[in-house]
Amino acid sequence: FDVKDGGILDLCLANGKKGKSDGIARSVGFAIRVTSQHTVIENVDNAGSLNELLEVAEQLNEGLLTLTDHQSYMREREETHRKTLTTTKSRIFYWTCIETIVLVLLALWQIISVRHFFEIKRRI
């Protein structure tokens, strides 16, 4: 948003419905940029084209700054997702190892119990 007047500004944020909170902690990031408009040049022969050139340069600069803001946000987001992926993969690996050990132990117990069941006892 653009602010025409100077002074102190308040930004109000709401998490969910008014008066209710879902209790989930969230982080909010801001990129606040303060720029000034170029002064209009009037006493030069090509003042109109120079003013247009300055206006286009300001638009390009604004677009570049917005692009760098988006890129830094995407890098932070990628890092967060990479950490989540790493922890999830490690948990899956450990649970799979535990599950494999339990499965092998269960198979061994079944083999032993079936052998014991079919064991022929001889009396002498």
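Above this text you will find the structure in question.
Everything numeric in this text was worked out from a predicted model, so none of it was measured. (Residues numbered from 1 in each chain as written. Predicted model: local features only at pLDDT ≥ 70, side-chain atom pairs only at ≥ 80, totals over all residues. Heavy atoms only, no water.)

A. Expanded view of the layout of surface pockets. The space that makes up the second largest pocket amounts to roughly 290 Å³. Considering the residues around the second largest pocket, the lining is formed by Ser 27, Val 28, Gly 29, Phe 30, Ala 31, Asp 69, Ser 72, Tyr 73, Glu 76 and Arg 77. Taken together, the residues of the lining of the second largest pocket break down into four nonpolar, three polar and three charged. (1 Å grid on protein atoms, 1.4 Å probe; cavity = no way out; pocket = protein on both sides within 12 Å on 5 of 7 lines; lining within 4 Å. Points joined across faces, edges and corners; volume = space filled by probe spheres on them. Nonpolar A, V, L, I, M, F, W, Y, C, P; charged D, E, K, R; others polar.)

B. Main features of the pattern of salt bridges. Using the criterion set out here, one finds two salt bridges in the structure. Linking Arg 82 and Glu 79 is a salt bridge whose minimum nitrogen-to-oxygen distance equals 2.9 Å. With Arg 82 and Glu 79 both in helix α1 (residues 47-117) and three residues apart, this pair spans about one turn of that helix. Here Arg 82 falls in the partly exposed class, since its relative accessible area comes to 41%. Each of Glu 78, Glu 79 and Arg 82 takes part in salt bridges that share partners, so that together they form one network. (Salt bridge = Lys/Arg side-chain N within 4 Å of Asp/Glu carboxyl O. Helix = DSSP H or I, 4+ residues; strand = E, 2+ residues; numbered from the N terminus. Buried < 20%, exposed > 50% of the residue type's maximum accessible area, 1.4 Å probe, protein only.)

C. Molecular detail of a nonpolar patch on the surface. On the surface, a nonpolar cluster with roughly 700 Å² of combined accessible area is contributed by Leu 11, Leu 13, Val 28, Phe 30, Ile 32 and Val 34. Position of Val 28 among the secondary structure elements: in the segment before α1. (Patch = residues over 30% accessible without salt bridge, like charges linked within 9 Å, V, L, I, M, F, W, Y side chains within 5 Å. Areas by Shrake-Rupley, 256 points an atom, 1.4 Å probe, with all protein chains shown as cover.)

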